[in-house]
2 protein chains.
Amino acid sequence: MEYSFSKSVEALSSSAVREILKLTQGNQVLSLAGGLPAEDSFPIAEMREAFNRAFEQGAKALQYGLTDGYLPLREWIASRMKQKHMDVGADNMIITTGSQQAVDLLCRVYLDEGDVVLVENPTYLAAVQLFQFRGIKAIPVDGDANGMDLDDLAKKIAQYRPKMVYVIPTFANPTGKVWSLERRLGLLRQCKAQNILILEDDPYGEIQFDGEAPYRSIFSLDEHPTDSCVVYTSTFSKIVAPGLRTGWAIGDTRVIQMMVKAKQAVDLQSSTIDQYALYELLSRFDLERHIEKIRESYKARMEWMHELLVAQNWEGVQWEKPRGGMFLWVNLPEHVDAEKLLARSVQEGVAFVPGKPFYAAEPQVNTMRLNYTLLNREDTELAISRLGKAFHAYSESLVTNV
Amino acid sequence: MEYSFSKSVEALSSSAVREILKLTQGNQVLSLAGGLPAEDSFPIAEMREAFNRAFEQGAKALQYGLTDGYLPLREWIASRMKQKHMDVGADNMIITTGSQQAVDLLCRVYLDEGDVVLVENPTYLAAVQLFQFRGIKAIPVDGDANGMDLDDLAKKIAQYRPKMVYVIPTFANPTGKVWSLERRLGLLRQCKAQNILILEDDPYGEIQFDGEAPYRSIFSLDEHPTDSCVVYTSTFSKIVAPGLRTGWAIGDTRVIQMMVKAKQAVDLQSSTIDQYALYELLSRFDLERHIEKIRESYKARMEWMHELLVAQNWEGVQWEKPRGGMFLWVNLPEHVDAEKLLARSVQEGVAFVPGKPFYAAEPQVNTMRLNYTLLNREDTELAISRLGKAFHAYSESLVTNV
């Protein structure tokens with residue numbers, strides 16, 4: 001049989017990075033590559049009890065349910081969103097298989113092949129892949145530590161007539177960046193004026209390290225939450241557990257209803273029992289306290305990695321200490337190709353993600369993303385030490401090659 | 001905000017049927033409309049225990065997992081597939097969010113806008129919707145009680161150059177039809193010769209009412225299972241519980257790997273904990289005996305509905321007693337429009353699905369699909385009696401209108 005795949009599959013062709021990371025599976029390589037939460041942060045006992053309570057609801061917990069999601073869970077989330085100045089009800093919400101699916105569903109109902117989405121540069125690599133998979137052009141907008149450059153945004157809007165802007169304004173993946181209020185308002189103002197949809201992806205917003213008030217979501221800054229140009233998505237993956245694959249999107253009911261119809265075609269619904277159990281957990285659990293513990297733990301891990309990197313004292317290596325989230329974004333010396341460094345690092349027994357695939361265009365190959373949430377203190381120390389060996393060996397090989 | 005949705009969304013526009021069925025939610029309407037399994041068939045206590053055992057595995061059960069699915073579960077399914085003459089390993093398999101997602105993923109990696117898929121007429125309405133959502137043309141092939149007409153198949157292949165044929169050869173939705181061995185082999189031969197992919201959708205194959213040997217899947221009839229022109233998909237929705245949203249697809253590794261990449265972009269993976277729990281269930285559960293009980297129960301329900309329909313003795317109404325599956329397909333008198341009958345039926349307190357949306361083209365509007373698995377004996381009796389009232393009232397209204 002000669003298979004003849006869709007043209008769209010070209011966007012999914014295996015990357016060099018994925019091939020290298022495959023080598024790390026099942027052996028002694030320490031991974032700073034993934035975006036995995038710390039396993040000791042999972043409320044295992046509470047979750048187990050919640051599943052048991054879900055089963056007390058009887059057969060309904062194992063039956064088909066609504067495509068838009070279990071109503072008590074949507075109501076619970078809506079009330080939490082309200083505390084964060086997002087004035088929505090259950091009708092403004094769809095439960096998705098992680099926030100990843102929210103991005104996919106919105107793309108499928110809102111964008112056509114050839115449409116343009118503006119993105120940060122770098123941005124979440126799986127979103128870029130998803131856009132390419134659907135034949136959508138992802139055009140990067142310049143930015144700095146405070147978010148997208150509003151002048152370049154205006155220029156790119158005029159030049160490309162985008163239908164959507166995709167942003168992660170709080171503790172971005174991969175950079176850890178936080179947008180200033182001014183940039184958030186500026187993006188909102190321009191998009192409203194030009195009828196452009198904003199997809200605000202907020203998986204990390206809860207993981208804030210300073211004791212300050214939470215950063216306002218762009219969705220919450222819109223005066224008209226029920227006629228908004230913003231669709232907001234988040235997930236329980238980082239504050240409860242990713243294996244439940246439960247995320248949500250909120251927006252105007254017209255947009256949400258379209259996403260519901262798409263989801264009905266795509267997979268009918270996400271797991272009923274997981275939604276029941278999650279609701280049972282949340283209705284009795286002190287989530288705020290749990291999140292507080294995650295913040296403290298992740299902050300300590302971040303500080304530890306920062307200290308270890310400082311101690312390594314590599315020449316020409318720079319990073320900003322993130323104010324939240326799960327990643328440390330590192331600028332390597334200009335002559336370093338992080339993909340080549342990765343190959344060397346895997347030999348030493350440590351993996352990370354090179355920066356290149358996070359760029360929709362004009363990649364800076366001398367960048368890398370380090371995750372500090374998965375490994376414990378000891379393994380992090382070992383990982384950074386191995387990374388140091390790889391860095392020196394790689395730097396020497398460059399000198400030799402010259 | 002003026003939203004501007006994708007062109008593809010037109011395929012998802014709300015149907016008259018969906019609007020009518022919405023009226024049935026939350027009130028006293030008895031539903032013969034859905035494809036819901038009997039809730040007393042769910043192994044609730046065993047499943048609850050299985051979740052508890054899954055939690056004994058610790059944090060891994062709540063962490064991110066492999067996109068292709070939990071390996072022990074894939075191995076368990078592969079070994080069961082082997083008993084059904086499908087010689088596959090875990091590498092030939094992807095776990096999906098129900099078999100619905102398998103159809104979506106295969107479409108996304110194998111088909112482009114404008115491509116043609118040949119289908120039975122009528123066929124599963126959500127598959128037709130999914131094809132339309134992706135801009136794929138679904139072209140019907142003529143058929144009879146034994147499956148697709150092989151001459152018409154050859155004609156349509158020559159005329160439309162399809163990339164894929166989508167079939168439900170065993171206890172089809174909506175007709176309950178079973179393809180003969182000759183037709184299965186004929187389809188396989190033509191598709192192999194012409195390099196056309198077959199998507200064999202088999203959610204109901206286990207629900208067989210006679211004591212005969214199971215019908216051979218088309219996949220199992222291919223001499224080269226690892227270089228096959230068949231992708232086979234099935235699900236635990238009908239033999240364990242749909243709320244777990246766990247299905248699978250098997251095929252050549254090249255096809256499966258593409259589907260894995262698509263799934264990675266679309267939702268990363270299906271629920272980890274559900275896959276762990278399902279494996280825990282299956283590794284200790286007597287699934288064969290459980291399926292046997294479902295068969296007996298559904299056969300009794302089907303016979304009961306058949307008896308009730310015979311007793312109604314409606315003029316010009318015909319149906320075949322299904323040999324398995326979950327649906328009874330009814331041909332109404334030629335002058336009856338089942339959508340209008342539905343509107344009348346909902347007033348009487350009973351719902352079903354009119355046949356029209358199951359047709360990719362040339363719909364026979366005087367058809368309807370009745371589900372016999374959800375309601376108990378008493379409610380089924382009441383439902384058919386209400387349907388009788390509606391049928392007579394509707395028939396009289398036709399006479400009056402003339």
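Sequence order sets the numbering: in each chain, residues are counted from 1 along the sequence as written. Just so you know, chain letters begin at A and ligand numbers begin at 1, following the order they were written in. A pLDDT threshold of at least 70 governs which residues receive local features in this predicted model, and a stricter bar of 80 or more applies before side-chain atom pairs are shown or counted, although totals over entire chains, interfaces and linings include all residues. For side-chain calculations, the full set of non-hydrogen atoms in the structure is used, while hydrogens and water are omitted.

- Under an unreviewed UniProt entry, the name given to chain A is Aminotransferase, and the source organism is Brevibacillus formosus.
- Recorded under Subunit (unreviewed entry), the UniProt text for chain A is reproduced unchanged: "Homodimer."
- The record held by UniProt for chain A lists under Sequence similarities (unreviewed entry) the comment "Belongs to the class-I pyridoxal-phosphate-dependent aminotransferase family." UniProt positions are given in the numbering used here, feature names are shortened, and annotations may be inferred rather than shown by experiment.

1. Quick look at the overall build of chain A
Part 1 of the argument: Only runs of H or I of at least four residues qualify as helices and only runs of E of at least two qualify as strands under DSSP, and these elements are numbered from the N terminus. Helix and strand content of chain A: 13 helices and 15 strands.
Part 2 of the argument: Atoms counted for the radius of gyration: C-alpha only. Globule rule: 2.2 Å times the number of residues to the power 0.38. Against the 2.2 N^0.38 benchmark of 21 Å for 402 residues, chain A shows a C-alpha radius of gyration of 21 Å, consistent with a compact globule.
Part 3 of the argument: Exposed residues in this analysis have more than 50% of their type's maximum accessible area, buried residues have under 20%, and partly exposed residues fall in between, with area computed by a 1.4 Å probe over protein chains only. Buried positions account for 62% of the 402 residues belonging to chain A.
Part 4 of the argument: With residues, only the protein chains shown are counted as cover, and all accessible areas are computed by Shrake-Rupley using a 1.4 Å probe. Total accessible area on chain A stands at roughly 15,200 Å², and carbon and sulfur atoms take up 47% of it.
Part 5 of the argument: Think of it this way: Lys and Arg go in the positive column, Asp and Glu in the negative one, and His and the chain ends go nowhere. The atom standing in for a charge is NZ when the residue is Lys, CZ when it is Arg, CG when it is Asp and CD when it is Glu. On chain A, the mean spot of the 43 positive side-chain charges and the mean spot of the 53 negative ones are 2 Å from each other.

2. Section: the pattern of salt bridges
Part 1 of the argument: By definition, a salt bridge exists where a carboxyl oxygen of Asp or Glu is found within 4 Å of a side-chain nitrogen of Lys or Arg. Evaluation of the coordinates by the stated rule reveals 42 salt bridges over all chains.
Part 2 of the argument: Among the salt bridges present, the one from A:Glu56 reaches B:Arg48, with a minimum N-O distance of 3.4 Å. Separated into two different chains, A:Glu56 in the loop between helix H2 (44-55) and helix H3 (71-83) and B:Arg48 in helix H2 (residues 44-55) make up a pair that spans both.
Part 3 of the argument: By relative accessible area, which is 27% here, B:Arg48 ends up partly exposed.
Part 4 of the argument: Two residues, A:Asp227 and A:Arg254, come together in a salt bridge whose shortest N-O distance is 2.8 Å. Of this pair, A:Asp227 sits in the loop between helix H8 (218-221) and strand E9 (230-235) while A:Arg254 sits in helix H9 (residues 253-266), placing them 27 residues apart in sequence.
Part 5 of the argument: One network of salt bridges, with partners in common, ties together A:Arg80, A:Lys84, A:Glu206, A:Glu288, A:Glu292 and A:Arg295.

3. Overview of a negative patch on the surface
Residue and element names in this part refer to chain A.
Part 1 of the argument: A surface patch of negative charge is lined by Asp142, Asp149, Asp151 and Glu362.
Part 2 of the argument: Positionally, Asp151 belongs in helix H6 (residues 150-160).
Part 3 of the argument: Assessed through its relative accessible area of 65%, Asp151 is described here as exposed. Residues qualify for a patch when their relative accessible area is over 30% and they have no salt bridge, like charges being joined within 9 Å and the nonpolar side chains of Val, Leu, Ile, Met, Phe, Trp and Tyr within 5 Å.

4. Digging into the domain arrangement of chain A
Residue and element names in this part refer to chain A.
Part 1 of the argument: In this document the domain limits rely on a domain assignment from an automatic tool or a database. Each assigned domain of chain A is listed here: domain 1 (7-42 + 289-401) and domain 2 (44-286).
Part 2 of the argument: With 32 residues of domain 1 in contact, the opposing surface of domain 2 contributes 34 residues.
Part 3 of the argument: Carbon and sulfur atoms make up 62% of the surface buried where domain 1 meets domain 2, a total of about 3,100 Å² over both sides.
Part 4 of the argument: In terms of surface lost to domain 2, no three residues of domain 1 exceed Phe42, Arg323 and Phe358, which account for 22% of the buried area on that side.
Part 5 of the argument: For the pair domain 1 and domain 2, the number of links is one salt bridge.
Part 6 of the argument: Residue Glu206 pairs with Arg295 through a salt bridge whose shortest N-O separation is 3.7 Å.
Part 7 of the argument: Pairs of N or O atoms are called polar contacts if they sit within 3.5 Å, as long as, within protein, a hydrogen donor faces a hydrogen acceptor (for residues adjacent in sequence, only side-chain-to-side-chain pairs). Our count for the contact surface shared by domain 1 and domain 2 stands at twelve residue pairs in polar contact (both at pLDDT 80 or more). By definition in these notes, contact holds between two residues if any of their heavy atoms fall within 4.5 Å. Buried area counts how much accessible surface, traced with a 1.4 Å probe, disappears from two parts once they are put together, with both parts' losses summed.

5. Topic: the UniProt feature "domain: Aminotransferase class I/classII large" (unreviewed entry) in chain A
Part 1 of the argument: Mapped onto this numbering, the UniProt entry gives "domain: Aminotransferase class I/classII large" (unreviewed entry) at residues 30-387 of chain A.
Part 2 of the argument: With 42% helix and 16% strand, residues 30-387 of chain A has end C-alpha atoms that lie 10 Å from one another.

6. Considerations on the packing of H6(A) against helix H7 (residues 181-194) of chain A
Residues and elements named next belong to chain A.
Part 1 of the argument: Here H6 crosses H7 at 20°, and the two axes come no closer than 10 Å. Put simply, H6 runs roughly parallel to H7. Crossing angle aside, the handedness with which H6 passes H7 is right-handed. For the pair formed by H6 and H7, the contact residues are Leu150, Leu153, Ala154 and Ile157 on the first element and Glu182, Arg183, Gly186, Leu187, Gln190 and Gln194 on the second.
Part 2 of the argument: Partitioned by chemical class, the residues of the contact of H6 with H7 number five nonpolar, three polar and two charged. To define axes, lines are fitted to C-alpha atoms, for helices over the stretch in contact only, and angles between the resulting N-to-C directions are given on a 0 to 180 degree scale. Small angles under 35 degrees read as roughly parallel and large ones over 145 as roughly antiparallel, with 65 to 115 read as roughly perpendicular and the rest as oblique. Take the far helix as your reference; a near helix turned counterclockwise from it by less than a right angle gives a left-handed crossing, and one turned clockwise gives a right-handed crossing. Throughout this entry, Asp, Glu, Lys and Arg are counted as charged residues, while Ala, Val, Leu, Ile, Met, Phe, Trp, Tyr, Cys and Pro are counted as nonpolar. The remaining residues, Gly among them, count as polar.

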